[in-house]
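Structural overview
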Amino acid sequence: MHNIDIDVVEMTMDIMKYVIGRITRSNPDMGLAISEEELKEKVGETITDKGIGGMKAFELFREVLVKHTVPIDNPKHLAFVPAAPTRAAILFDLVTAASSIHGSYWMEGAGGIFCENEAMSWIVSLTGLPKGSFGVFTSGGTAANLSAVVTAREYWRSKSQDNQCKRGIILCSSQAHSSVKSMVKIIDADILTVPTQESLTKKELITAFEELSAVDQSRLFAVVANAGTTNAGVIDRMDEVADFCREKDLWMHVDAAYGGGALMSDKARKEFNGIELADSITIDPHKWFFAPYDCGAIIYKNPELAKKAHTQQGTYLDIFNQKGMEGFNPSDYQIQLTRRVRGLPLWFSLAMHGIDRYKQAVDTALDLAKVAAEMIQDYDHLSLVRPVSLSVVLFKREGWTPEDYRKWTLKNLADNFALVTPTKYQIDGQMETIARFCFINPETTKEDIKAILDSMN
Ligand SMILES: *Cc1c(COP(=O)(O)O)cnc(C)c1O
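These numbers come from a predicted model, not from an experiment.

**Focus on the side chain of R339**
Following the sequence through the fold, R339 ends up in the loop between α12 (303-310) and α13 (344-353). Within polar-contact distance, the side chain of R339 engages the side chain of E116 at 2.9 Å. When neighbours within four sequence positions are excluded, R339 is seen to be in contact with I101, H102, G103, S104, E116, F137, P330 and Q334.

**So, the nonpolar core**
Ranked by size, the top nonpolar core spans 121 residues in total, and within it V254, W288, L346, F437, F439 and L453 carry the most contacts. In terms of residues, this core owes the most to one element, helix α14 (residues 355-377), which gives eleven residues. For V254, the contacting residues outside a window of four places in its chain are A225, A227, M238, I275, A278, S280, I281 and T282.

**Structural notes on α12**
The set of residues buried in α12 consists of P303, L305, A306 and H310. All buried residues of α12 lie within an arc of 155° about the axis, which places them on one face of the element. Packed against the buried residues of α12 are β1 (134-138), α6 (141-159), β5 (251-256) and β7 (296-300).

**Re the domain arrangement of the protein chain**
By domain assignment, the protein chain separates into domain 1 (2-30 + 34-68), domain 2 (93-353) and domain 3 (357-454). Distance from the C-alpha centre of domain 1 to the C-alpha centre of domain 2: 37 Å.

**Considering the packing of helix α8 (residues 202-210) against helix α10 (residues 238-248)**
Direction vectors running N to C along α8 and α10 enclose 35°, while the axes themselves pass 8 Å from each other. Packed against α8, whose contacting residues are K202, K203, L205, I206 and F209, the element α10 presents E240, V241, D243, F244, E247 and K248 at the interface. Here the contact of α8 with α10 is composed, by residue class, of five nonpolar, no polar and six charged.

**A closer look at a negative patch on the surface**
There is a patch of like negative charges on the surface, built from E36, E37, E38 and E41. In this structure E38 comes out as partly exposed when scored by relative accessible area, which is 43%.

**Some thoughts on the pattern of salt bridges**
Scanning all chains against the criterion turns up 31 salt bridges. We note a salt bridge from D29 to R25, for which the minimum N-O separation is 3.3 Å. We classify D29 as partly exposed; its relative accessible area is 43%. Here D190 ties to R219 by a salt bridge, and the two come within 2.5 Å at their closest N and O atoms.

The rules behind these values
- Residues numbered from 1 in each chain as written.
- Predicted model: local features only at pLDDT ≥ 70, side-chain atom pairs only at ≥ 80, totals over all residues.
- Heavy atoms only, no water.
- Helix = DSSP H or I, 4+ residues; strand = E, 2+ residues; numbered from the N terminus.
- Polar contact = N/O pair within 3.5 Å; in protein donor to acceptor, adjacent residues only side chain to side chain.
- Contact = heavy atoms within 4.5 Å.
- Core = buried A, V, L, I, M, F, W, Y, C linked by side-chain atoms within 4.5 Å.
- Buried < 20%, exposed > 50% of the residue type's maximum accessible area, 1.4 Å probe, protein only.
- Arc of directions from axis to C-beta.
- Domains from an automatic or database assignment.
- Axes fitted to C-alpha atoms, helices over the stretch in contact; angles between N-to-C directions.
- Nonpolar A, V, L, I, M, F, W, Y, C, P; charged D, E, K, R; others polar.
- Patch = residues over 30% accessible without salt bridge, like charges linked within 9 Å, V, L, I, M, F, W, Y side chains within 5 Å.
- Areas by Shrake-Rupley, 256 points an atom, 1.4 Å probe, with all protein chains shown as cover.
- Salt bridge = Lys/Arg side-chain N within 4 Å of Asp/Glu carboxyl O.
- Lys, Arg positive; Asp, Glu negative; His and termini not counted.
- Charge placed at Lys NZ, Arg CZ, Asp CG, Glu CD.

Pasting the structure below:
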C-alpha cells in the first residue's frame, strides 16, 4: 500500500488544492441535507470490488456530498454552538493524521503527547486549579463528562464499604447539558435536577438536599455545575456550589464545554470565580478554543483519582509502565484507549498565534453578543428574552408561532444565507419558542447580524 504511484501524487495535489481553497474561503456555502435515497441516486455505488478510484471518489465528495453538509465555520452559522477552527489548526489536523501517532501511551507518542500537554498546561492555568491539577484531551464534552462522573463515582465508592453497593445520585440544575443526563444513565446512577433557568445557588442545592430521604442523601456523590449553559450561557454560582460540595463532601464537576473559552477573557473571567475549587472540569476546545472536531478536554484537580478509575489492565499493556517506557499516558485519565493526539492541532495553532490572539477572538464573540442585543432593541417586533450571558442571545419575534420560526430557519438555510435555529425558554411560566444566537466565529460581522435580524420582518 505504500508504493507511491503517480495517481497518489496527483490525488494528493488535488486534495491539497481543495483544502487550500476551503480554508481560505471565509464564506463557505451552506449546504442543505437531502434524503439518503436522493444522495444515493446522485453518487451511485461507491464501494465496489475493484474500487471506483480516488479521483472519482474525491470528485463525488467535492462536487456532490460536501454540498449537502452545513459548514460550521460559516460566519452566519449562529445555531447550537458553532465553531471556527483556525486555519493553522485545520492544517495541523492533516499533519496529525499523516504522522500516524498512537496517542495513548508516552512510549509511543511522547513527542505528540508533549505538545498536547503544553496546550493542556495553558488551559489548566486558565481555570486557576491548584498545582498538580491536569487533564487530557477527549473526543468531546460528552466523553469528558463521562470520564469525570466515572472518576467521581469510583472515588466515592472507594471511600467506604457502605458506598460500594449503593446506586449513586448526581445533583445538577435542570439546564445541565443533555450529555450529562445521558452519561449519568451510562453509569447507572440517578440524576436529581433543580428546576431553574438562572444560576444554580447554594440555597437551591440545600433545599434539594433537604428534600431527600436520609438514604438518598447518602447516595448523593456529585454535583455537576454549568459554566455556561448551552441554551442560555448561564453560569452557576461556582463559589456557592463549591461551598455546598465542601460541606457535604461531594465531588464538584463543572461542565464548561461551551463556556470554558470565556475563561480567557479578562472581562468575563470573574463570572467563573470559584471554578478553581472544582474537582473536575470539562472544556471543549472544539467549541471556543477554535480547534477542529473532535477535541474535548477533561481536567482533574487530582489526576491520580482519574488514573485509579481509568487505567486499563492487560498483559499486552504491561510494557508501558516498565522502566524506560514510563511517562504520561493519556489513556489512564479518560475512557478511551486508542486515541489520536487530538490536542496537537490546538497546540500548533496556539504556538503559531500566541495566547493574545485567542483572547482577542473570544472577546470579539462576547462583544458581538452585546452588539446583537443592542441591535435587537431597534426593531419594534423583536425583543430580548433575557440579558445576554456569555455569547448567547435569546430573543423573540412578536407574533411568531413555532411554525414561523421553523420556516424561517429552513428558508435561511435553503437560501444559502444563514443557520439560526429556534429554542425554547420559559417566559412568565410558559414555555415559548424563541430565537437564539450563539457567537463563536470572530469573522461574524455586524452586517451579518443585521441581515439576519432584517430577515425576521
Ligand atoms: C457541547 C456541550 C457538551 C457536549 O459536548 P460534545 O463535545 O458535543 O460531546 C456538554 N456540555 C455542554 C455545556 C455543551 O455545550
